[in-house]
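# Structural overview
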Amino acid sequence: MGKKVTSAYTPEDTAKAAAINKWLEDHEQSKAWLCKKSSIPNGTLSQVLSGKYAARPTRQLNTMQAVLATETERLDDGTPGYVKGSVHKLLSVVCDRTRKHQNFGVITGYVGVGKSRFLKEYAATSHLTLLIEVSPNMTPGVLMTELLMQLNNAIPNGLDRKFRELVRVLKETNYLIIADEAENMSASALQRLRRIRDMAMIGVVLAGTGKAAGLIKPEHGQFDQVRGRVGMWPETIKAISRDDADDMARAALGMEDLSDEVLATLWEYSQGSARVLNENLVPPSRTTGWAPCR
């Protein structure tokens, strides 16, 4: 007779794994997302949640539960759902047209207007979209490695081989590359990105503050070849609209009947900044029980 296999899972472990899987399903989050949040390797996390981990999984399950508890508290404290306001509508047009016409698009806005939030939402909901969150002085090697990783592609050694591989994989596709905080990219990385676009014939959106515009806009400047390929470049976004702010406040607080007085106060203090509204004003308002002000 074969040796009987004894599970290392206790009933409590099994219940925890089931609860974590349900949370991920209910909140439409992936195991890859939880891997990153909990710093647990992908293979280990998948085995633990599928009940196939050979050792006792309690420590890993407790770590995952702690992560999800924090995320749940953050949601309960008023972190808003995504509101498709004026910024969303404008930037969607830039991204969609840039993908269609396979050229460059430029998005610039003041800090806090919601550029990065939009870009993450767009990348998460639009197929064939690669979002690069540019680190300070990002080099060509780091840029191309990040792109290849997002494509789940093998990463060859050497800058030229990385470049050729990216062109090969992206050519004749409908991919869109978005570089957020593009002003932090090194000049050589931006020029390499331009050549990837030229040879693969895909769209590239550069997003950032006014500093990004200052790098690209001058005629006959260092990035004149990029500027000449820009198809859409709307005016710099300085603030969200009052309607946007009202919709964000209602969504974050879960109250459709907020008074004009409350909405006006939030608008005045936010000064047109989605970040100030969503991160500094609304969560403490909900935590301290501001509901009587309706």
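As the structure is a computational prediction, the values presented were derived from the model and not from experiment.

Cut-offs used in this document
- Residues numbered from 1 in each chain as written.
- Predicted model: local features only at pLDDT ≥ 70, side-chain atom pairs only at ≥ 80, totals over all residues.
- Heavy atoms only, no water.
- pLDDT = per-residue confidence, 0-100.
- Helix = DSSP H or I, 4+ residues; strand = E, 2+ residues; numbered from the N terminus.
- Contact = heavy atoms within 4.5 Å.
- Phe/Tyr/Trp six-rings, centres within 6.5 Å; stacked < 30°, edge-to-face > 60°.
- Buried < 20%, exposed > 50% of the residue type's maximum accessible area, 1.4 Å probe, protein only.
- Pairing = 2+ DSSP bridges.
- Salt bridge = Lys/Arg side-chain N within 4 Å of Asp/Glu carboxyl O.
- Axes fitted to C-alpha atoms, helices over the stretch in contact; angles between N-to-C directions.
- Left-handed = near helix turned anticlockwise from the far one by under 90°.
- Nonpolar A, V, L, I, M, F, W, Y, C, P; charged D, E, K, R; others polar.

### Comments concerning the confidence of the model for the protein
- Summing up the model confidence of the protein, the mean pLDDT is 81 and the portion of residues at 70 or higher is 80%.
- Predicted confidence in the protein is weakest over helix H11 (residues 224-227), with a mean pLDDT of 61, and strongest over helix H8 (residues 159-170), with 94.
- Between residues 1-5, whose pLDDT stays under 50, and residues either more than four places distant or in other chains, the model counts zero contacts.

### Notes on the packing of aromatic side chains
- Under the defined criterion, the tally for this structure stands at two aromatic pairs.
- Ring geometry for Trp-23 versus Trp-33: centroids 5.7 Å apart, planes at 10°, classification stacked. Here the residue Trp-23 occupies a position in helix H1 (residues 11-26), and Trp-33 occupies one in helix H2 (residues 31-38), the gap between them amounting to ten residues.
- Its relative accessible area of 14% is what places Trp-23 among the buried residues.
- Accessibility expressed as a relative area gives 19% for Trp-33, which makes it buried.
- Ring geometry for Phe-118 against Tyr-122: centres 5.7 Å apart, planes inclined by 40°, an arrangement best described as tilted. Pair noted here: Phe-118 and Tyr-122 are both in helix H6 (residues 115-125), with a separation of four residues, about one helical turn.
- Residue classification places Phe-118 among the buried positions, given a relative accessible area of 1%.

### Some words on the pairing of strand E4 (residues 203-208)
- Summarising burial for E4: six of the six residues are buried, a large majority.
- Here E4 shows two buried faces, one formed by Gly-203, Val-205 and Ala-207 and the other by Val-204, Leu-206 and Gly-208.
- Judged from the five bridges that link them, strand E1 (residues 104-108) and E4 form a sheet pairing that is parallel. By the bridge assignment, Ile-107 is partnered in E4 with Ala-207.

### Digging into the pairing of E1
- Of all five residues making up E1, five are buried, and the element is well covered by its neighbours.
- Of the two faces of E1, the one lined by Phe-104, Val-106 and Thr-108 and the one lined by Gly-105 and Ile-107 are each fully buried.

### Quick word on the pattern of salt bridges
- As enumerated under the stated definition, the model contains nine salt bridges in all.
- In this structure, the salt-bridge partner of Arg-56 is Asp-13, at a minimum N-O distance of 2.9 Å. One end of the pair, Arg-56, is in the loop between helix H3 (42-49) and helix H4 (58-76); the other, Asp-13, is in helix H1, with 43 residues separating them in the sequence.
- In this structure Asp-13 comes out as buried when scored by relative accessible area, which is 1%.
- The partner of Asp-160 in a salt bridge is Arg-164, and the shortest N-O contact between them spans 3.6 Å. With Asp-160 and Arg-164 both in helix H8, this residue pair falls four residues apart, about one helical turn.
- In this structure Asp-160 comes out as partly exposed when scored by relative accessible area, which is 47%.
- With relative accessibility at 48%, the residue Arg-164 sits in the partly exposed group.
- A cluster of three or more residues bridged by salt bridges with shared partners is formed by Arg-194, Arg-195, Arg-197 and Asp-198.

### Quick notes on the packing of H2 against H3
- For the pair H2 and H3, the least separation of the axes is 10 Å and the interaxial angle reads 115°. For the pair H2 and H3, the crossing hand works out as right-handed. Residues Lys-31, Leu-34, Cys-35 and Ser-38 of H2 lie in contact with H3, whose contacting residues are Asn-42, Leu-45, Ser-46 and Leu-49.
- When grouped by side-chain class, the residues that make up the contact of H2 with H3 number four nonpolar, three polar and one charged.

### Some thoughts on unusual backbone geometry
- Here Gln-102, not a glycine, exhibits a phi torsion of approximately 55°, which is positive.
- Among the residues examined, Gln-102 registers a relative accessible area of 26% and is labelled partly exposed.
- At Met-201, a residue that is not glycine, the phi angle is positive and equals roughly 55°.
- Looking at the element boundaries, Met-201 is found in the loop between helix H9 (187-200) and E4.
- With relative accessibility at 34%, the residue Met-201 sits in the partly exposed group.

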